[in-house]
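Take a look at the letters that make up each chain.
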Amino acid sequence: MKRLRLEAAARAAGRVRLPGSKSISNRALLLAALAHGQTRFSGLLDAEDTRVMRAALARLGVRIEQDRVRGCGGAIPVREAELDLANAGTALRPLAAVLALSGGRYRLSGSARMHERPVGDLVEALHACGAAIDWLGRPGYPPLAIGPGHISLVRPLRVRADLSSQYLSALLMALPVAGGGTVEVEGEIVSEPYVALTMALMARFGVHVEREGGRYRVPSGPYRSPGFLAVEGDASAASYFLAAGAVGGGPVRVEGVGRDSVQGDVRFLDVLAAAGAQVSAGEDWLEAASAARRLRAFDLDLNAIPDAAMTAAVLALFADGPCAVRNVANWRIKESDRIAAMASGLRELGAEVEERRDGVR
């Protein structure tokens, strides 16, 4: 095992320009591929998940260059393909929904870790509308075989979203190219701000979803390119630097994402404020600092921001008492490897980490 030695620092301060948001980048790439017209991007993230999405779209016949995507107008050009989606859940789940409603034949697989990440609730919802999807391994998990189905969207699609909001987002993005329809959510929606992000991006491509409680009405497409789309900096990544500003005195300013961001993880500023940090925000920046030697202990429900909640768990090491991070049970499904590594690291640092059914306390 390689070890990286970090010397103690008396202060953390400065400015950081963030990389593009993964959640926005992969959603926008898919919507641009399905749209009429060409979309030019700035700020697209270059990372494994986006490379996987780019490669999958290219294999499906979409013309995609470094910062440009020429949409296929809702009709997937390649009708039969095998796609290796590595560990990119932001690629596999929406592609599974889109391809299941497209009438072609496809096989979707990924890494060994991806084959442990459940998609049963999404596939069950698609089965109910006549999609032909078979399990190639353990039922409820990838890999998947998709064939031409007998699709009927007259009745609402019902889906659970208490394990992952990506199931709901996948259905919302897929329905416009299949003629539109209604999605009804059963129970709680975890990470709900990501669904709002999906709807905001769909609106940029000309499709406006109407929501009434747990019911989402999705109109028929087509998607239409906005021509140009600037991708915000990654608000989840921002949490690391903002936490450093709170712990190390600061100020630390992150640039590329601001107070009006469509990303839910900008709410991490509320976590820092609850811990006693000084926070501020502008149109294109967020900032954190602290004059106190120790932060205040906090007890917070962070169901809406499970990614940034991991940063909050580390932040607790610098609080003046016990802290609780609640209602993030989907960590075990979404990021079990990262959670195990983080818990191990925290224990080595002498922190008491007790796993609970409803999250980590």
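Rules used in this analysis
Residues numbered from 1 in each chain as written. Predicted model: local features only at pLDDT ≥ 70, side-chain atom pairs only at ≥ 80, totals over all residues. Heavy atoms only, no water. Pairing = 2+ DSSP bridges. Helix = DSSP H or I, 4+ residues; strand = E, 2+ residues; numbered from the N terminus. Axes fitted to C-alpha atoms, helices over the stretch in contact; angles between N-to-C directions. Contact = heavy atoms within 4.5 Å. Disulfide = S-S within 2.5 Å. Buried < 20%, exposed > 50% of the residue type's maximum accessible area, 1.4 Å probe, protein only. Left-handed = near helix turned anticlockwise from the far one by under 90°. Nonpolar A, V, L, I, M, F, W, Y, C, P; charged D, E, K, R; others polar.

> Tell me what's going on with the sheet that holds strand β6 (residues 105-109), and back it up with residues and numbers.
Read from one edge of the open sheet, four strands run β5-β6-β8-β7, paired in mixed fashion. Across the chains shown, the open sheet's two edge strands, defined by having one partner strand only, are β5 (80-84) and β7 (132-135). Sheet twist, expressed as the average angle between the axes of neighbouring strands with direction ignored, equals 15 degrees. In this sheet, β6 lies alongside β5 in parallel orientation, the contact comprising five bridges. Within the sheet, the bridge partner assigned to Leu83 lies in β6 and is Leu108. On top of the sheet, helix α4 (residues 120-128) reaches β7 and β8 (144-147); it is set at about 145 degrees to β7, its chief contact.

> How would you sum up the sheet that holds strand β15 (residues 278-281)? Please name residues and give values.
Read from one edge of the open sheet, four strands run β1-β14-β16-β15, paired in mixed fashion. Each edge of the open sheet is held by one strand with a lone partner, namely β1 (12-17) and β15. Between one strand axis and the next, the sheet turns through 10 degrees on average, direction left out of account. Note that β15 and strand β16 (residues 285-289) share four bridges and pair antiparallel. Paired with Gln278 across the strands is Ala289, a residue of β16.

> Break down the state of the cysteines for me, citing the residues and quoting the values.
On inspection of all chains with the given rule, the structure shows zero disulfides. With no disulfide of its own, Cys72 lies 19 Å from the sulfur of Cys129, the closest cysteine sulfur.

> Could you give an account of the environment of Arg17, naming the residues involved and the relevant values?
Tracing the chain through its elements places Arg17 in strand β1. By relative accessible area, which is 54% here, Arg17 ends up exposed. Expressed as a C-alpha distance, the spacing of Arg17 and Arg253, which sit 236 residues apart in the sequence, is 8.7 Å. Setting aside residues no more than four positions away along its own chain, Arg17 makes contact with Glu255, Gly256 and Asp284.

> Hey, could you go over the packing of α4 against helix α5 (residues 166-174) for me, with residue numbers and the actual values?
With their axes 9 Å apart at the nearest point, α4 and α5 run at an angle of 35 degrees to one another. In this structure, α4 meets α5 at a crossing whose hand is right-handed. Packed against α4, whose contacting residues are Asp121, Leu122, Ala125 and Leu126, the element α5 presents Tyr167, Ala170 and Leu171 at the interface. Each residue belonging to the contact of α4 with α5 can be placed in one class, and the counts come to six nonpolar, no polar and one charged.

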